[in-house]
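Chain by chain, the residues:
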There are 2 protein chains.
Amino acid sequence: MIPIDSSLKKPLYEQIYDYIRLHIADGKISYLEKLPSTRFLARHLQVSRSTVELAYAQLLSEGYLESKPGCGYFANDMTGLYLERQKRHTAVFPKEPKAFRIDFSPEENEYAHFPYNVWRKLSKEVLFENDPTLFSAGPAAGEWELRAAICDYLYHARGANVFAEQIVVGAGNEYLLMLLTQILGSGKRVAMENPTYLKAYQTFLNMDYKVCLANMDKDGICIDEVEWADPDLVYTMPSHQFPTGIVMPVKRRMELLKWAAQKRSRYIIEDDHDSEFRYKGKPVPSLQSYDRKGAVIYLGTFSKSISPAIRVSYMALPKRLLGAYQEKCGFYASTVPKEQQRVLTAFLRQGYFERYLNKMRGVYKGKHDAFLAMLKKERWVKKISGDYAGMHLLVEINLKKHASEIVEEMKRAGVRVYALEEYMAREAINKKGVENTLLLGYGGLSEKEMAEGIRHLREM
Amino acid sequence: MIPIDSSLKKPLYEQIYDYIRLHIADGKISYLEKLPSTRFLARHLQVSRSTVELAYAQLLSEGYLESKPGCGYFANDMTGLYLERQKRHTAVFPKEPKAFRIDFSPEENEYAHFPYNVWRKLSKEVLFENDPTLFSAGPAAGEWELRAAICDYLYHARGANVFAEQIVVGAGNEYLLMLLTQILGSGKRVAMENPTYLKAYQTFLNMDYKVCLANMDKDGICIDEVEWADPDLVYTMPSHQFPTGIVMPVKRRMELLKWAAQKRSRYIIEDDHDSEFRYKGKPVPSLQSYDRKGAVIYLGTFSKSISPAIRVSYMALPKRLLGAYQEKCGFYASTVPKEQQRVLTAFLRQGYFERYLNKMRGVYKGKHDAFLAMLKKERWVKKISGDYAGMHLLVEINLKKHASEIVEEMKRAGVRVYALEEYMAREAINKKGVENTLLLGYGGLSEKEMAEGIRHLREM
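Residues numbered from 1 in each chain as written. Chains lettered and ligands numbered in written order. Predicted model: local features only at pLDDT ≥ 70, side-chain atom pairs only at ≥ 80, totals over all residues. Heavy atoms only, no water.

(A) Region of interest: the pattern of salt bridges. Counted by the stated rule, this structure contains 38 salt bridges over all chains. The salt bridge involving E110(A) is made with K367(A); its shortest N-O contact spans 2.6 Å. Of this pair, E110(A) sits in the loop between β3 (102-103) and α4 (116-128) while K367(A) sits in helix α12 (residues 352-376), and the two are 257 residues apart along the sequence. Across the pair, exposure class does not vary: E110(A) and K367(A) are buried alike. Across the pair E408(B) and K411(B) runs a salt bridge, and its minimum N-O distance is 3.4 Å. (Salt bridge = Lys/Arg side-chain N within 4 Å of Asp/Glu carboxyl O. Helix = DSSP H or I, 4+ residues; strand = E, 2+ residues; numbered from the N terminus. Buried < 20%, exposed > 50% of the residue type's maximum accessible area, 1.4 Å probe, protein only.)

Okay, structure coming up:
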């Protein structure tokens, strides 16, 4: 009765299992119908009894059969079940979104100088350690050695004075912000600069935080706007505001710290996203380095200084938040693979990171200088700001068209430029200058590409 | 007046900068005091003018100085600023938490058989491709090739029928749950089995979801309890419930799907955490494979099947949630490094994963059989459940002491056993059996360690 074929690849027990399963599913074996005993069926099919037992056990565990001790096996009620396998979907590769011939994105970087050989060598060393702990679960906040190496870097490069225990390593800034909202508690109000880093803005909204947008003057976020909005948190980029490029002077920083010091529940999130790239003088010390009250939560990343593909960011929590971190988020396993944490630790400790940074500072400065010189010759350029740092410039234009119209026209020519408006969280209250300002990134472009892009803009 | 020393390693401009900065900070140069011109100071100090200009530029950008066109440089008001660098903290390595001699944790795995050589080889190949896209930002939901490979695996191993576009790869289950709560929207109610996977429970609470705990009978979560609680979501582990080991029969699965089908807004999260490890028959097909309404969100992980250190989980979203995913979470960069995604893709595509799974299924089955045989001989063991799958057993004990007391006594002997109660989200309404049940994991233990642990238990 059950057609079985020992020449098939499919095991015998599975052939029996499939036959019975399908017959119960389509009602050919009906509810409470008694099945033959394993002994009987085995003899009948001329297979071993354990083969039939295995098929029955599987049917039992999936609920097709029921076993009544001393009575045997019975079919369960499966009426109305629709169990046939659907036809297999075929994977269709998605079309790549149309890429632009030239893309002035502020997030494009140059990877040609990445020390692949070093990274490979360190990877190999880490993997050759044959350390069994390499593949076991690690500490939630990251490997201790990496956190200590980050502390040293922060001390020397950013003036920050933190313990390794204050560092939490995570897969990207947005992930760390998700953790932060859990640490700080739900429903808080956060003040952000406008324009700002929209991914952070969207993350706060996703996490049900209320966002109040504060205007900036030439020194950065306006303290009176912060005071008026009375938030629990301020999210700011004091050392190089994105996208305006404003560097917050010490005095404003002190005012901001003073605001935070007025209530114990107030915190400042300092997103120090690309302070490594300044082309004049040395980096401005971090806001964290002035903090004496444990009000600053420092957020840093290797996305820009190494690569966005390695997905390592970190935050330095004030000590008074460590308890809440442990309680709320201490159970989350680290989101960064151990292998990568160890390669990165070696990259930092053995001086490769510093060398690579110095190299890239030179590379980007070269691009910056060339791009700035080109733009200064253009008649349609009214004012350039945000220079001498980062990987983009803000260009106020002297054209009849709005920046957003230029963006659309340029797209049709295969060139992507950006309007400052695209980085506004909401319609700015004070729009002066914004509608005439382009944002032009140069980090991923060659001088030839910059020149060609500028030629297209000139012909607008 | 400014002591500068060209024999120092510190650049001259930085010596000038530091001197002026500190004198402004401590008030020795007072507010609005005019500074010498760059030309004058350069001549006076016998340095080049550009050196002084660099120092002034830095002081300007940090806000210590103000420049009045045509008038010169003036000190800003820095009164009350406290800018001296704090003494450097010294990193103190934290003491490791006391490890137990023998740990019956259900989360411990065996890594001795991990194919390090293969992983190294694949890593090397991926890194040797010298592909510049390896270090650029990748698709938010993960690399297409990895998602397609996961689809194929899910189809063959779990009967799931999904497109690669439905797969979202992320750094761990908890991270994916954070995304899910953002996709589904805030303030939802989720029903969970009790006991359950406490990290998921805590994640939902952290994300401000309301959790209703539902009891289980021998077939898994009780549908009438779900109906009574009327949640938006059910989080369940139908193929191998953690920690009870219950396999939900097809009939109960259909009832659950039917519940979900009653309202378009209802979803079921199927956490299929360790279905790879069954030691009798073949794996039970996933709940997702029976879903015809797009109600099941499938959650899978490589933490158990490969290693918790690689931090790769994935979810298969029903098609009707893809829009919400794009809108709410499409901007989050993938949390898994590209390098690792590519190594994993090769591991899956080249058959290594299947071979490793088969190998490990044999290894864990061996441990399971040995452990089960040992326990069956013990007089204090009343009933064993959750056998023939996963990496732990539930053991009902026949002792005067409660399981939780035994846990404490054993800890003092350096042996960690677990009480089922530790996995209860809240006091169970129906506690029958729970207080007398131990949870004993064997995945990371040798037979010798198991035997020693059992000897200690026998002497309780």
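(B) Quick peek at the interface of chain B and chain A. Across the contact, 94 residues belong to chain B and 93 residues belong to chain A. Summed over the shared surface of chain B and chain A, the result is 0 salt bridges. Our enumeration of links across chain B and chain A arrives at 19 residue pairs in polar contact (both at pLDDT 80 or more). Only α1 (12-25), α3 (49-62), α4 (116-128), α5 (144-158), α6 (173-184), α7 (198-206), α9 (250-261) and α11 (338-349) of chain B provide two or more residues apiece to the side of chain B that touches chain A. Broken down by element, the residue count for the side of chain B that touches chain A peaks at 7 residues, all from α4(B). Along the lines of polarity and charge, the residues of the side of chain B that touches chain A split into 47 nonpolar, 22 polar and 25 charged. (Contact = heavy atoms within 4.5 Å. Polar contact = N/O pair within 3.5 Å; in protein donor to acceptor, adjacent residues only side chain to side chain. Nonpolar A, V, L, I, M, F, W, Y, C, P; charged D, E, K, R; others polar.)

(C) Representation of the relation of the copies chain B and chain A within the structure. Note on the copies: chain B fits chain A at an RMSD of 0.1 Å, the axial shift is 0.1 Å, and the rotation between them is 180 degrees. As the rotation angle and translation indicate, the two copies are arranged about a two-fold axis. A symmetric contact is evident, with 99% of the interface residues of chain B recurring at the interface of chain A. (Least-squares fit on C-alpha atoms with pLDDT ≥ 70 in both.)

(D) Up close: the packing of helix α1 (residues 12-25) of chain A against helix α3 (residues 49-62) of chain A. All names here are of chain A. At a minimum axis separation of 8 Å, α1 and α3 run at an interaxial angle of 45 degrees. One way to sum up the angle between α1 and α3 is to call them oblique. Seen from above, α1 lies across α3 with right-handed handedness. Residue-level inspection shows L12, Y13, I16, Y17, I20 and R21 of α1 in contact with α3, the latter providing T51, V52, L54, A55, Y56, Q58, L59 and E62. A per-class count over the contact of α1 with α3 returns 10 nonpolar, 2 polar and 2 charged. (Axes fitted to C-alpha atoms, helices over the stretch in contact; angles between N-to-C directions. Parallel < 35°, antiparallel > 145°, perpendicular 65-115°, else oblique. Left-handed = near helix turned anticlockwise from the far one by under 90°.)

(E) Main features of the side chain of S239(B). Residues and elements named next belong to chain B. Note on placement: S239 falls in the loop between β9 (233-236) and α9. Taking relative accessible area as the criterion, S239 reaches 4% and is therefore assigned buried. Here R158 takes part through its side chain, which lies 3.2 Å from a polar atom of the side chain of S239. With sequence-adjacent residues up to four places away left out, S239 is seen in contact with R158, I246, V247, R253, E270, D272, S275, V284, P285 and S286.

(F) The packing of aromatic side chains, seen in detail. Residues and elements named next belong to chain A. One pass over the structure, following the stated rule, counts 41 aromatic pairs over all chains. Aromatic side chains F204 and Y235 sit 5.9 Å apart centroid to centroid with 80 degrees between the ring planes, which places their arrangement in the edge-to-face category. Placement of the pair is F204 in helix α7 (residues 198-206) and Y235 in strand β9 (residues 233-236), with a sequence separation of 31 residues. Residue F204 is classed as buried on the basis of its relative accessible area of 1%. Overall, the relative accessible area of 1% leaves Y235 in the buried class. Plain terms: the ring middles of F302 and F353 are 5.4 Å apart, the flat faces sit at 80 degrees to each other, and that makes the pair edge-to-face. Taken together, the residues F302 in the loop between β11 (296-301) and β12 (313-316) and F353 in helix α12 connect sequence positions 51 residues apart. Site record: aromatic cluster; members linked through ring pairs are F114, Y116, W119, Y153, Y298, F302, Y314, F347, Y352, F353 and Y356. A cation over an aromatic ring shows up here: K280 above the ring of Y388, its NZ or CZ 4.1 Å from the ring centre. (Phe/Tyr/Trp six-rings, centres within 6.5 Å; stacked < 30°, edge-to-face > 60°. Lys NZ or Arg CZ within 6 Å of the ring centre and 35° of its normal.)

(G) Representation of the sheet that holds strand β14 (residues 392-397) of chain A. Residues and elements named next belong to chain A. Read across the open sheet, the 4 strands follow the order β13-β14-β17-β16; overall the sheet is antiparallel. In this open sheet, the two strands that pair with only one neighbour each are β13 (381-385) and β16 (418-419). Alignment of β13 against β14, held across 4 bridges, turns out to be antiparallel. By the bridge assignment, V381 is partnered in β14 with I397. (Pairing = 2+ DSSP bridges.)

Honestly, it's all geometry; don't read function into it.
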